[in-house]
Each structure stands twice: as structure tokens, then as C-alpha cells.
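A structural walkthrough
In case you want the letters, here they are:
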Amino acid sequence: MALLAKINSNSHHSQEESQFARLFEEEGIDRVDERLTILRIFLGTEEHITAHELWELAQKAGRSFDPEFVRETLRLMCRYGFAQRREFKDRESVYEHRHLGQHHDHMICIKCGKIEEFVDEKLERHQARAAFQHGFYMLQHRMEIYGLCSACLSDRQMGMSLVQAKSGETVAVTDFLGGAGARHRLMTMGLKIGDRIEVITNDGRGQVVLAAGNSRLALGQGLAEKVMVQALPSVVEDF
Ligand SMILES: [Zn+2]
Ligand SMILES: [Zn+2]
Ligand SMILES: [Zn+2]
């Protein structure tokens, strides 16, 4: 299956190289041979890469280009439909292949930065239907899921302190550490063992803001460290 995909994408790539050369010559774009080299290097990776990373790949392949020339070629590749630029939250723009007639979406790990691609036909139809039901004419869309990849998730201890939980995560309180004083304070704030809480903000700099039932609580680092929690897997229902 994976091998088949590889073979298909290779034949796509040789088609793309010849279209690129023809189109760029017709359009009177200069230095087509050098740009073709950049396209080949770009098509040789299946990663989502920055302009700088593409320049580095070229260096490794023994081709030294002016970084601005690489950037300009990428812009042309986007304009003529060979590449597409993606903007993900909190990171530099990346470029990926643009294979005609193919669409995919992304899952982005906020811990290691890994970008995974996925295709879900059912989800695509749901999105198209949602737009249609709103009388909205959809031109394009993107679906981005931010979270932890399976490798990062399994690295994580099953039990962790609240300070390690991420903003947006729902966790269950499993224990309170520290002496009776800390326990008492947490309990008077309304927290109980077994509670399901949603982490609203955890910027990693100390304070954790969370929702427990209908109330919002702000815990300083000292107190947040004493709350042991367990990540709750996202619920997947068959629909
Ligand atoms: Zn999609
Ligand atoms: Zn990861
Ligand atoms: Zn992609």
C-alpha cells in the first residue's frame, strides 16, 4: 500500500517536472534549469518544509543557491500550482507538494512539531454540507487538529502534575500531594479527587487557569504542582 503510493507519487513527480519546464519557458521565466533543480529537490522530500530548509537540502545536494532565489522559486511554484504554502499556528510558514486533484488535512503535534496528514472523506462531506446548509459557497477550507502525536502521548507519564497539562486539555484529578494545608486549600477552592477539569490556560510559566464544573479557578504554580491528574482520551463515538 505504502509502496504503491510511493510509485504513484514518483510518476506524478516526473509529470510535474516536465510541466514545470514547459510552463516556465512559455511564461518567459529566467533560469529555468536552476529552478528545475530546486523543484526536483523539493519533490524529493515528503516533509512540510520551510524555505530555509529547502535551501539547506539544496546545499546538502551540492547545489548552492542564493536563499532569495530559492524563496522566489517557491513563490513561483505556488503561483503555478506545484507547491502550496501552509501557515500553522505558532510556526514559520512551510511548503508542501501540490498534487492536482488531491486534498488532505493536517494534525500538528504541539510538543515535537510533527505534522501528520490525513484524508477523511466523511469529514469532507460534512464540511461541504455545513457550508451548503448556511447558503455558503465554499471555495476552500483547512482542517487542523492540534494536539499530541502518538509518540509524544506514550512518552508522557500516565500520571502527571497539573502544571504539565496543556491548554485545552481535559483531565481527571487523581490525587493531591503536599500536606494537609495544601489539600485543604484545594478542597475549599472546590476541587475534589475524581473531578474532571478543563485546562483553560497553562502558559508553562506557573499559573494554571482551569474550569471545574461551572467555576473558573486560577492556581499558582506551587498549588498546581500538587494536583495530580490523568489525561482523558478524547471520546470517539461512531457517527
Ligand atoms: Zn479537508
Ligand atoms: Zn509529537
Ligand atoms: Zn500536507
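Every residue gets a number counted from 1 within its own chain, in the order that chain's sequence is written. Whichever chain is written first becomes A and whichever ligand is written first becomes 1, with later ones labelled in order. Two thresholds apply to this predicted model, a pLDDT of at least 70 for residue-level local features and 80 or more for giving and counting side-chain atom pairs, whereas whole-chain, interface and lining totals are computed over all residues. To get the side-chain values, take all heavy atoms of the structure and skip hydrogens and water.

Concerning a negative patch on the surface
To be explicit about the condition: The patches described consist of residues with a relative accessible area above 30% and no salt bridge, like charges being joined within 9 Å and nonpolar side chains (Val, Leu, Ile, Met, Phe, Trp, Tyr) within 5 Å. Surface exposure here means Shrake-Rupley accessible area, sampled with a 1.4 Å probe, where a residue is shielded only by the protein chains that are shown. The working definition used for a salt bridge is a side-chain nitrogen of Lys or Arg within 4 Å of a carboxyl oxygen of Asp or Glu. Counted as positive: Lys and Arg. Counted as negative: Asp and Glu. His and the chain ends are not counted at all. Taken as the charge location is NZ of Lys, CZ of Arg, CG of Asp or CD of Glu. Secondary structure elements follow DSSP: runs of H or I no shorter than four residues count as helices, runs of E no shorter than two count as strands, and numbering proceeds from the N terminus.
A cluster of like negative charges, contributed by E46, E47, E53, E56, E92 and E117, occupies part of the molecular surface. Along the chain, the position of E46 falls in the loop between α2 (32-43) and α3 (51-60).

So, the coordination of the zinc ion (ligand 1)
Defined as follows: Metal sites are built from N, O and S donor atoms within 2.8 Å, or 3.2 Å for Na, K and Ca, and they leave out water, so they may look incomplete. Tetrahedral means four donors with every angle between 85 and 135 degrees, whereas square planar (four donors) and octahedral (six donors) require angles over 155 degrees between opposite donors and between 65 and 115 for all others; sites fitting neither are termed irregular.
Around the zinc ion (ligand 1), the donor atoms from the protein are H103 (NE2), D105 (OD), E124 (OE) and H141 (NE2), and they sit 1.9 to 2.2 Å away. Note that the zinc ion (ligand 1) binds 4 donor atoms; their angles at the metal cover 91 to 138 degrees, and the shape is irregular. Mapped onto the sequence, the donors of the zinc ion (ligand 1) take the spacing H-x1-D-x18-E-x16-H. Of this pair, E124 sits in helix α5 (residues 121-133) while H141 sits in the loop between α5 and β5 (144-147); the two residues are 17 residues apart in sequence, bridging distant segments of the chain.

A short note on the coordination of the zinc ion (ligand 2)
Going by this rule: Residue burial is assigned from relative accessible area. The probe radius is 1.4 Å, only protein chains are included, and a residue is buried under 20% of its type maximum, exposed over 50%, and partly exposed in between.
Protein coordination at the zinc ion (ligand 2) comes from C109 (SG), C112 (SG), C149 (SG) and C152 (SG), with a distance range of 2.3 to 2.4 Å. Taken together, the 4 donor atoms coordinating the zinc ion (ligand 2) span angles of 103 to 115 degrees at the metal, a pattern that classifies the geometry as tetrahedral. Linear spacing of the donor residues for the zinc ion (ligand 2) on their chain is C-x2-C-x36-C-x2-C. Placement of C112 in the loop between β3 (105-109) and β4 (115-118) and of C149 in the loop between β5 and α6 (150-155) is noted, with a sequence separation of 37 residues between them. You can call C112 partly exposed: its relative accessible area is 46%. Since its relative accessible area comes to 8%, C149 is described here as buried.

Overview of the sheet that holds β5
Going by this rule: Any two strands with at least two DSSP bridges between them are considered paired. For every element, the axis is a line fit to its C-alpha atoms; helices are fit only across the contacting stretch, and the angle between N-to-C directions ranges from 0 to 180 degrees.
Reading across the sheet, the 3 strands line up as β4-β3-β5 and stay open at both edges, with mixed pairing between neighbours. Both edges of this open sheet fall to β4 and β5, since each of them pairs with a single strand only. The sheet shows a mean angle of 20 degrees between the axes of neighbouring strands, direction not considered. The pairing of β3 with β5 spans 4 bridges and is classified as parallel. Bridge pairing links C109 to G147 in β5.

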